[in-house]
Number of protein chains: 2
Amino acid sequence: MKQYEMFELVFSGETLTDRWAQTDLTAEFACGDTAKTVKGFYDGDGRYVIRFLPEIAGEWRWKVTGVVNAEGTESCEPADGSHGLVKAVDTHFEYADGSLFIPFGTTVYALAHQDDDLVEQTLKSLEAAPFNKVRMCVFPKHYDYNHNEPPLYAFEKKAEGSWDVNRPCIAFWHRFEKILKQIAEMGIQIDLILFHPYDRWGFSKLPQQDNLMYLDYLLRRLSAFPNIWWSLANEYDLNMADKSLADWEEIEEFVAANDPFHHLLSNHNCMCFWDATRKNVTHASLQTKGLSEIPRWIREYNKPVIIDECCYEGNLPHFWGSISGQEMVRRFWRCYASGAYCTHGETFLSDDEIVWWARGGVLKGESSKRIAFLRQIMESLPGPLTPKAGGIWSIARLNKEEFEAALPSVPEEMREFFTLFARSIHRMPEQDRTAHLGGEHAWESHCGEEAYLTYFDLQCYGEQTVKLPKDKAYKAELIDVWNMTREVIAESISGETKLTLPGRDNLALLIMRI
Amino acid sequence: MKQYEMFELVFSGETLTDRWAQTDLTAEFACGDTAKTVKGFYDGDGRYVIRFLPEIAGEWRWKVTGVVNAEGTESCEPADGSHGLVKAVDTHFEYADGSLFIPFGTTVYALAHQDDDLVEQTLKSLEAAPFNKVRMCVFPKHYDYNHNEPPLYAFEKKAEGSWDVNRPCIAFWHRFEKILKQIAEMGIQIDLILFHPYDRWGFSKLPQQDNLMYLDYLLRRLSAFPNIWWSLANEYDLNMADKSLADWEEIEEFVAANDPFHHLLSNHNCMCFWDATRKNVTHASLQTKGLSEIPRWIREYNKPVIIDECCYEGNLPHFWGSISGQEMVRRFWRCYASGAYCTHGETFLSDDEIVWWARGGVLKGESSKRIAFLRQIMESLPGPLTPKAGGIWSIARLNKEEFEAALPSVPEEMREFFTLFARSIHRMPEQDRTAHLGGEHAWESHCGEEAYLTYFDLQCYGEQTVKLPKDKAYKAELIDVWNMTREVIAESISGETKLTLPGRDNLALLIMRI
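The notes below deal with the structure included here. All values reported here derive from a predicted model rather than from experimental measurement.

## So, helix H2 (residues 170-185) of chain A
Residues and elements named next belong to chain A.
Then, number 1: Look at H2: 22 Å from first C-alpha to last across 16 residues, which is about the 22 Å you get at 1.5 Å a residue.
Then, number 2: For H2, the set of buried residues is Ile 170, Phe 172, Trp 173, Arg 175, Phe 176, Glu 177, Ile 179, Leu 180 and Ile 183.
Then, number 3: Just past H2, the residue Gly 187 takes up positive phi, approximately 80 degrees.

## Quick look at the relation of the copies chain A and chain B
Then, number 1: When chain A is brought onto chain B, the operation consists of a screw motion whose angular component is 180 degrees and whose axial shift is 0.0 Å, with 0.0 Å RMSD remaining. One copy is carried onto the other by what is essentially a two-fold rotation axis.

## Overview of the packing of aromatic side chains
Then, number 1: Scanning the entire structure with this criterion turns up 88 aromatic pairs over all chains.
Then, number 2: Ring centres 4.8 Å apart and planes at 65 degrees place the aromatic pair Phe 52 of chain B and Trp 60 of chain B in the edge-to-face group.
Then, number 3: Assessed through its relative accessible area of 0%, Phe 52 of chain B is described here as buried.
Then, number 4: Overall, the relative accessible area of 2% leaves Trp 60 of chain B in the buried class.
Then, number 5: By way of ring pairs, the aromatic residues Phe 139, Tyr 153, Phe 155, Trp 163, Phe 195, Trp 201, Phe 203, Tyr 214, Tyr 236, Trp 248 and Trp 274 of chain A are connected into one cluster.
Then, number 6: The ring of Tyr 198 of chain A is capped by Lys 141 of chain A, whose NZ or CZ atom sits 5.6 Å from the centre of that ring.
Then, number 7: The side chain of Arg 370 of chain B reaches across the aromatic face of Trp 482 of chain B, ending 3.6 Å from its centre.

## Structural notes on the nonpolar core
Then, number 1: Grouped together as the largest cluster of nonpolar side chains are 170 residues, with contacts concentrated most on Phe 29, Leu 194 and Trp 333 of chain A.
Then, number 2: By residue number, the principal contributor to this core is helix H3 (residues 208-222) of chain A, which donates eight residues.
Then, number 3: Residues within four places of Trp 333 of chain A in sequence aside, it is in contact with Phe 373, Leu 374, Ile 377, Leu 453, Tyr 455, Ile 479, Val 481 and Ala 508 of chain A.
Then, number 4: Of all hydrophobic cores here, the second largest spans 162 residues; its members include Ile 170, Leu 192, Leu 222 and Ala 508 of chain B.

## Some thoughts on the packing of helix H6 (residues 325-336) of chain B against helix H8 (residues 367-379) of chain B
Each pair of packed helices can be described by the angle between their axes along with the distance between the axes.
Residues and elements named next belong to chain B.
Then, number 1: At a minimum axis distance of 9 Å, the contact between H6 and H8 shows a crossing angle of 20 degrees. As the angle between them shows, H6 and H8 are arranged roughly parallel. Classified by chirality, the crossing of H8 by H6 is right-handed. Each of Gly 325, Met 328, Val 329, Phe 332, Trp 333 and Tyr 336 in H6 lies in contact with H8, whose residues at this interface are Ser 367, Arg 370, Ile 371, Phe 373, Leu 374, Ile 377 and Met 378.
Then, number 2: Looking at the contact of H6 with H8 residue by residue, the class counts come to ten nonpolar, two polar and one charged.

## Quick word on the pattern of salt bridges
Residues and elements named next belong to chain A.
Then, number 1: Overall, the coordinates contain 66 salt bridges over all chains when judged by the stated rule.
Then, number 2: The closest approach of N and O atoms between Arg 47 and Asp 43, which form a salt bridge, is 3.0 Å.
Then, number 3: In this structure, Asp 216 and Arg 220 form a salt bridge, with 3.3 Å as the shortest nitrogen-oxygen distance. Highlighted residues: Asp 216 and Arg 220, both in helix H3, separated by four residues, approximately one helical turn.
Then, number 4: A residue is classified by how much of its surface remains accessible, and Arg 220, at 8% relative accessible area, is buried.
Then, number 5: Through salt bridges with shared partners, a single network forms among Glu 8, Asp 43, Arg 47, Arg 51, Glu 177 and Arg 221.

## Some thoughts on the state of the cysteines
All names here are of chain A.
Then, number 1: Within the structure shown, the criterion is met by zero disulfides over all chains.
Then, number 2: Unpaired in terms of disulfides, Cys 137 finds its nearest cysteine sulfur in Cys 270, a separation of 14 Å.
Then, number 3: The class of Cys 137 is buried, set by a relative accessible area of 1%.
Then, number 4: No disulfide involves Cys 310; its nearest neighbouring cysteine sulfur is the one of Cys 342, lying 3.8 Å away.
Then, number 5: Residue classification places Cys 310 among the buried positions, given a relative accessible area of 1%.

Cut-off values and rules
Residues numbered from 1 in each chain as written. Chains lettered and ligands numbered in written order. Predicted model: local features only at pLDDT ≥ 70, side-chain atom pairs only at ≥ 80, totals over all residues. Heavy atoms only, no water. Helix = DSSP H or I, 4+ residues; strand = E, 2+ residues; numbered from the N terminus. Expected span 1.5 Å × (residues − 1). Buried < 20%, exposed > 50% of the residue type's maximum accessible area, 1.4 Å probe, protein only. Least-squares fit on C-alpha atoms with pLDDT ≥ 70 in both. Phe/Tyr/Trp six-rings, centres within 6.5 Å; stacked < 30°, edge-to-face > 60°. Lys NZ or Arg CZ within 6 Å of the ring centre and 35° of its normal. Core = buried A, V, L, I, M, F, W, Y, C linked by side-chain atoms within 4.5 Å. Contact = heavy atoms within 4.5 Å. Axes fitted to C-alpha atoms, helices over the stretch in contact; angles between N-to-C directions. Parallel < 35°, antiparallel > 145°, perpendicular 65-115°, else oblique. Left-handed = near helix turned anticlockwise from the far one by under 90°. Nonpolar A, V, L, I, M, F, W, Y, C, P; charged D, E, K, R; others polar. Salt bridge = Lys/Arg side-chain N within 4 Å of Asp/Glu carboxyl O. Disulfide = S-S within 2.5 Å.

Structure representation (structure tokens):
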């Protein structure tokens, strides 16, 4: 047993021929004051398995009851290289050991539903790519460019042809977990999508009791994996002909209640966001292109915000699958320079219908190299970024009462102008205001007084005046986010300083304390 | 007297030394059933002038009363080359003679407040530029890069130093009108800004009675100019410490009531739009970057929409003055391909503080050449464009009741998906919805069944399926909006047709009936 690594107890027993999803098998693990109860599962061929994720080192006592009765102790060695589960802390992520995790996601929805060669190729691509999170589904996908049958399905079928959730397909789960483990070995987090609407087999239309039985078995098998996040759905709201809002809430509650280790949990939307203020939701997983609202969402949720879908780099005839590498890179910088995170995907037309976003294969786009450059910069910062407040654009977004409260913090000579400005904004219909302010946004964030990151995006400034603490010294670097260059433009500055800039777009300014 | 051209009656009389703004001088003009009353003005040196704009050809009788009493007739020849006042017709513009006017504006706020050499240079630049409308102010401008004194002011001063609106400065008006006429001779419409907040002289802080007296004199002098539009303000809402909403409404009412020829009338905002549904307002003159809302505004106002400020091409340290030529051209195409219009401006840092957007000079940017290309295309269309409705993105913007009403028009096989989609949208808070949909927008417009224009903007489609009437034949052209190329990609198509596209961004598709 090693801290932060999955531990397994395997027992032999009766070979089951029916109804093996909810085997009566429970284990209690205790170490000092810490105790956890986990459920085991039937793994075929008379194998009964209990999985556990020890989060502290030391002597663990365990006791198994149910169809197997056994007990013992295990010495858990301290972690050497493993960091544990990723957790949400304030508005960023940390591993269990306290080290920072900055997600750089990609999307391969039906990764596990391809033949072995293609899966192998995808994993090789991931190994060379800058991504440390992948969004992927348990169920196969039916959609444009997704017409192949998967090698295996999560359940056996009943005689009449419908899915029998009482009989999970052991071969499916073995193959699936092998893939998950290979991904984990590369240090990549799996944002595991439990349901989705793009379906021709009936997995999106199971009765709710079957949904819960499926989840129960899945959680028994996968909860001790240290690198999995629960994403209740891809586009939950397009699966609402079959699952009501109450069904989705029950699903959320069930996953949270049956996961002894409290993996990250989110739910991804097509249109209306899942309510990220709900207690079981650890972070917001948003599909949106309205990135200028990120600071508001971070403030309202007080949780990390990942823009898990912002369109994909490619040339599909679909709106969502046809942005340039340039635009993808812009969206990444908008997110990170706002204190949020972003997820990549690629959708290039291909004669063989192998499109990265769903089936994997090879990366063809121009953005991933630049995402690697961004990741390197983000990981060199002294800590997580949060949106910068206080400028006219953040004050412009305050409501009347908040504005009155904030006004004393505005320099006196600016108050009349800010007031005129705010009074006009407060008269705007909400729709006009949001559209208007969306185009006026500055992507600004900071890490305390240690680092300030601004992405200038479309702005081609010839100069900018920065306002820094007067009692600290800073270095200013100009970053060309597309050409991947970094140039120090000021070695040591403090207080209010005018910087000369080259007057072209797509640049970022990183100011770090020296 | 010529149809659509200004006609002047000039009389000699007493030389006035005080209070000459509101001379008692009125003329009635009548031709057949048409009759108009206009007010004359004192023009200095004992000159009394009456200006009239004959909109129909024929015999006009006139009768002057007040400080001058005279009458006579004039034969008005039919127009030869002049088109008359531009009017708003539905959601587009037409000259009085019924020919289409498609505005392509630029911005030179303080054009008339520069020395003669610079004015001359600006007019030469305008002559070579693609613009047929210029936004410019009556009052001088004080702001960053605008520190020079103007040669003349609109009023004389009182002994104590304040402005005496009873004594308009005749030399100012002579010089100003000379400039207006030079611009008119180039076929350029003047969007004349009557008030603005960027002021150090006190013109923005006149008492309301003085505002009205100034307007009265201005309207007597300028109403018969055939190429002037009234823009009540630049950023009226930043001038609300001195003028209340009621004051602005009174100004609007006064201008409308005292302009016998009903020039176009608008009011330009910084933040909250002036209400373009008001009866005196002929079109919306908007400052905004939220261009995806254009179809809604066109629908709600049922008047032409001009995005009169969408940021300027340049490298100033200001957000609004630092977009690239590329981005300016994108914004122009977004507007025109939505059935709206756009206005240009340039803001390049310059050692001599001569920045086009305020003071004129020479054009330095890269967008104006591409705006010329766009103008050529727009003027080759068979008629005005209106936003295309009916796609998922326009239906997505409907409220619940409108959606239910529109659903039967959706093809049956799409109804379930549209319903799921719409139900989710209707659950969204307005702010989230607007931000979200703003990023999902397709820039699509049409001219009946004669022409269809789509600007693909950021989308890099490798193919697109177009749905055209089955009983008509069309030619499809792919337009590279930056490189200014047009390529016929289909010679004769009808009905549903798949087009192969090059998979890069910044292209437009123009489909014209053959």
